[in-house]
Amino acid sequence: MQIINLNALSSEVSSMQADDSHDSIRDIGFTFDFYGQSYTQLVISGNGYITFDLTQANQYSPYSINTPIPNPGSMPENAIMAPWHDASVAVGGNIYFGTTGVAPNRMFLVTWCSVPMYSCTSDLYTSQVVMYEVSNKIAVS
């Protein structure tokens, strides 16, 4: 039998404790190109997405999906969905984030870990977004 140790790569824990909110501005640790725009910072939503719109830091995060995305003028905009839905970190779970690796092969990771869904708190949501330096690829699991 082979023993394999798993280690968390996204190590910082978000301080977000309120339902339907965005976290503080977070440094990516490298320049990330998203649809032709270069970013070094982002904001994490408790509702399962990342936005590059820094004005959303510590603001309300919408959970209602009423219109197609993207929809200019409607949040969330300029975002990576992981997926976007109504989860509640106020009830439980954690959001971890961090940069790992060595340039030019770094990754920025965001992990929503065992976050309860809003109206079904026994249903726990776990997902991860990995953003890759240089290639600017995005992996969502």
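These numbers come from a predicted model, not from an experiment.

1. Considering the nonpolar core
Judged by nonpolar contacts, the single largest core of 23 residues is most densely connected at I28, F52, W112 and M131. Those elements giving two or more residues to this core turn out to be β2 (22–34), β3 (37–45), β6 (94–100), β7 (107–116) and β8 (124–132). Non-local contacts of F52, meaning those with residues more than four positions away in its chain, are made with I28, F32, F34, Y39, Q41, L42, N78, I80 and M131.

2. A short note on the packing of aromatic side chains
How two aromatic rings sit relative to each other is given by the distance of their centres and the angle of their planes. For the structure on display, the rule yields six aromatic pairs. The interplanar angle of 15° and the centroid separation of 6.2 Å between the aromatic rings of F32 and F52 together place this pair among those described as stacked. Highlighted residues: F32 in strand β2 and F52 in the loop between β4 (49–51) and β5 (79–81), separated in sequence by 20 residues. Ring geometry for F34 versus Y35: centroids 4.9 Å apart, planes at 85°, classification edge-to-face.

3. With respect to the sheet that holds β2
The strand order across the open sheet formed by four strands is β2-β3-β4-β5, and the pairing between neighbours is antiparallel. Because the sheet does not close on itself, it has two edges, and the strands there are β2 and β5. Adjacent strand axes in the sheet meet at a mean angle of 25° when their direction is disregarded. Of the strand pairs in this sheet, β4 and β5 are connected by three bridges, and their pairing is antiparallel. Residue pairing across strands places I50 opposite I80, the latter belonging to β5.

4. With respect to the pattern of salt bridges
Under the definition given, this model contains two salt bridges. Of the charged contacts in the structure, one is a salt bridge between R26 and D23, with a shortest N-O distance of 3.0 Å. By relative accessible area, D23 is classed as buried at 2%. Two residues, R106 and E133, come together in a salt bridge whose shortest N-O distance is 2.6 Å. Taken as a pair, R106 in the loop between β6 and β7 and E133 in the loop between β8 and β9 (138–140) lie far apart in primary sequence, 27 residues in all.

5. Some details on the pairing of β6
Bridge count between strand β1 (residues 12–13) and β6: two bridges; the pairing is antiparallel. In the sheet register, E12 faces β6, and the bridge partner there is F97. Of the strand pairs in this sheet, β6 and β7 are connected by seven bridges, and their pairing is antiparallel. Residue pairing in the sheet places G98 in a bridge with L109 of β7. Linking β6 to β7, which pair antiparallel, is a turn of six residues; within it G101 sits at a positive phi near 100°.

6. Examining the state of the cysteines
For the structure shown, the criterion picks out zero disulfides. Take C120: it sits in no disulfide, and the sulfur closest to it among the cysteines is that of C113, at 19 Å.

7. Quick look at the pairing of β2
Looking at chain direction, β2 and β3 are connected through seven bridges and run antiparallel. Across the sheet, D27 pairs through a bridge with Q41, a residue of β3. Hairpin remark: β2 followed by β3, antiparallel, with two residues in the connecting loop; positive phi at Y35, about 50°.

Conventions and cut-offs
- For every chain, the first residue of the written sequence is number 1, and numbering continues from 1 onward in sequence order.
- A pLDDT threshold of at least 70 governs which residues receive local features in this predicted model, and a stricter bar of 80 or more applies before side-chain atom pairs are shown or counted, although totals over entire chains, interfaces and linings include all residues.
- Excluding hydrogens and water, the side-chain values take into account all heavy atoms of the structure.
- Throughout, nonpolar core names a set of buried Ala, Val, Leu, Ile, Met, Phe, Trp, Tyr and Cys residues whose side chains join them through atoms within 4.5 Å.
- Buried, partly exposed and exposed residues are distinguished by accessible area as a fraction of the type maximum, computed with a 1.4 Å probe on protein chains only: under 20%, between the cut-offs, and over 50%, respectively.
- Strands here mean DSSP runs of E at least two residues long; helices mean DSSP runs of H or I at least four residues long; both are numbered from the N terminus.
- Note on definitions: a residue-residue contact is assigned when non-hydrogen atoms from the two residues lie within 4.5 Å.
- For Phe, Tyr and Trp, where Trp contributes only its six-membered ring, two rings pair if their centres lie within 6.5 Å, and the inter-plane angle classes them as stacked under 30 degrees, edge-to-face over 60, or tilted in between.
- DSSP bridges decide pairing: two strands pair if at least two such bridges lie between them.
- A fitted line through C-alpha atoms serves as each axis, taken over the contacting stretch for helices, and the angle formed by two N-to-C directions is quoted from 0 to 180°.
- Every case where a carboxyl oxygen of Asp or Glu lies within 4 Å of a side-chain nitrogen of Lys or Arg is listed as a salt bridge.
- Sulfur atoms of two cysteines make up a disulfide when they are within 2.5 Å.

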